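One letter stands for each residue in the lines below.
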Amino acid sequence: KISVSTVIDRSPDEVWADVREIASHVEWMADAYEIRFLSDRREGVGTRFECEARVGPRRTTDIMETTAWDEGRLMGVRHTGVVTGEGAFTLHPLPGGRTEFRWQEQLRFPWWLGGRLGEQVGAPVLRLIWKRNLRKLRRRFD
C-alpha cells in the first residue's frame, strides 16, 4: 500500500475543479504520458480509460475504471490492466481555505514484473515519483 499527500493553498472545490478532469492528469503525473478514454463518460463512476505509463525503462498500459466519485472529496479507481489494484484521491478541507490532497494505491504486480518482490521494490520508487507528482500538482495552483 502506498500513500502520499500534500497541502494545497486552495479550497477543495478549487482543487477538485482541476483533478476531476482525468485527461489533465498527464500534465502533473510524470509517470503518465497519455490517457485514452474507453467509455463515453469522461467523469463519474464507470468512466473507463487507458493510461500509458512509464517508470524508468518500463512502460505499461494501465486500464482503469472510476469506482467512486464524491464531488469535491473523492475519486476512486480500479486498475485492471497489467498492474491491478485500487486507488483513490481524497481531498480534505483544512483551516484557511487549504486542502490536504491524499493519493493512496494498493497495487499488485504480475509475476513478470516481479510479483510480490516487484511490489516491495517498486513501492518506494512509486512513492518518490508520486510525491514529485504532488509537488507538480501543487504548483498548478501557485
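See above for the structure.
Presented here is a report on the structure given in the accompanying data block. Nothing here was measured: the structure is a model prediction, and the numbers come from that model.

Now for the overall build of the protein. The number of helices and strands found in the protein is 2 helices and 7 strands. Taken from N to C terminus, the helices and strands of the protein fall in the order β-α-β-β-β-β-β-β-α. In terms of overall size, the protein behaves like a compact globule, its C-alpha atoms giving a radius of gyration of 15 Å where 142 residues would be expected to give roughly 14 Å. Reported as C-alpha extents along the three principal axes, the dimensions of the protein are approximately 45 × 35 × 20 Å.

What follows covers helix α2 (residues 115–139). With 25 residues, α2 extends 35 Å from end C-alpha to end C-alpha; this agrees with the ideal 36 Å at 1.5 Å per step. Of all the residues in α2, the buried ones are G115, G118, E119, G122, A123, L126, I129, W130, N133, L134 and L137. Where the residues of α2 are buried, they touch β1 (2–8), α1 (12–19), β3 (48–55) and β7 (98–108).

In terms of nonpolar packing, the biggest core is built from 32 residues, with W28, F101, W103, W130 and L137 touching the most fellow members. A total of 6 residues in this core trace back to one element, the largest contributor, which is α2. When neighbours within four sequence positions are excluded, W130 is seen to be in contact with I2, V4, D31, W103, E105 and L107.

Pairing analysis gives 7 bridges linking β1 to β7, with the strands arranged antiparallel. Note that in β7 the partner of S3 across the bridge is Q104. In this sheet, β7 lies alongside strand β6 (residues 84–94) in antiparallel orientation, the contact comprising 11 bridges. Within the sheet, the bridge partner assigned to A88 lies in β7 and is Q104. Count of turn residues in the β6/β7 antiparallel hairpin: 3 residues, of which G96 carries a positive phi of about 80°.

We now examine the pattern of salt bridges. Considering all chains together, one arrives at 11 salt bridges under this definition. For R10, the salt bridge identified is with E14, shortest N-O distance 3.9 Å. By relative accessible area, which is 29% here, R10 ends up partly exposed. For E14, a relative accessible area of 42% corresponds to the partly exposed category. Ionic pairing is found between E50 and R36, a salt bridge with its closest N-O pair at 2.8 Å. Of this pair, E50 sits in strand β3 while R36 is found in strand β2 (residues 32–37), placing the two residues 14 residues apart along the sequence. You can call R36 partly exposed: its relative accessible area is 28%. One salt-bridge network, in which partners are shared between bridges, spans E34, R36, E50 and E52.

Reading the values: rules and limits
Along every chain, residues carry numbers that run from 1 in the direction the sequence is written. Totals for whole chains, interfaces and linings use all residues, but because this is a predicted model, local features are given only for residues with pLDDT of at least 70 and pairs of side-chain atoms are given and counted only at 80 or more. The side-chain figures draw on all heavy atoms in the structure; neither hydrogens nor water molecules are used. Secondary structure elements follow DSSP: runs of H or I no shorter than four residues count as helices, runs of E no shorter than two count as strands, and numbering proceeds from the N terminus. When we talk radius of gyration, it's over C-alpha atoms, and the globule rule is simply 2.2 Å times the number of residues to the 0.38. Under the convention used throughout, the expected extent of a helix is 1.5 Å for every residue step, that is, one less than its residue count. The buried label applies to any residue whose accessible area, calculated with a 1.4 Å probe on protein chains only, is under 20% of its type's maximum; exposed applies above 50%, and partly exposed to all values in between. Contacts are residue-level and defined by heavy atoms, with any inter-residue pair within 4.5 Å sufficient. Note on terminology: a nonpolar core comprises buried Ala, Val, Leu, Ile, Met, Phe, Trp, Tyr and Cys residues joined through side-chain atoms within 4.5 Å. In this description, strands pair whenever DSSP reports at least two bridges between them. Between Lys or Arg on one side and Asp or Glu on the other, a salt bridge is scored when a side-chain nitrogen of the former is within 4 Å of a carboxyl oxygen of the latter.

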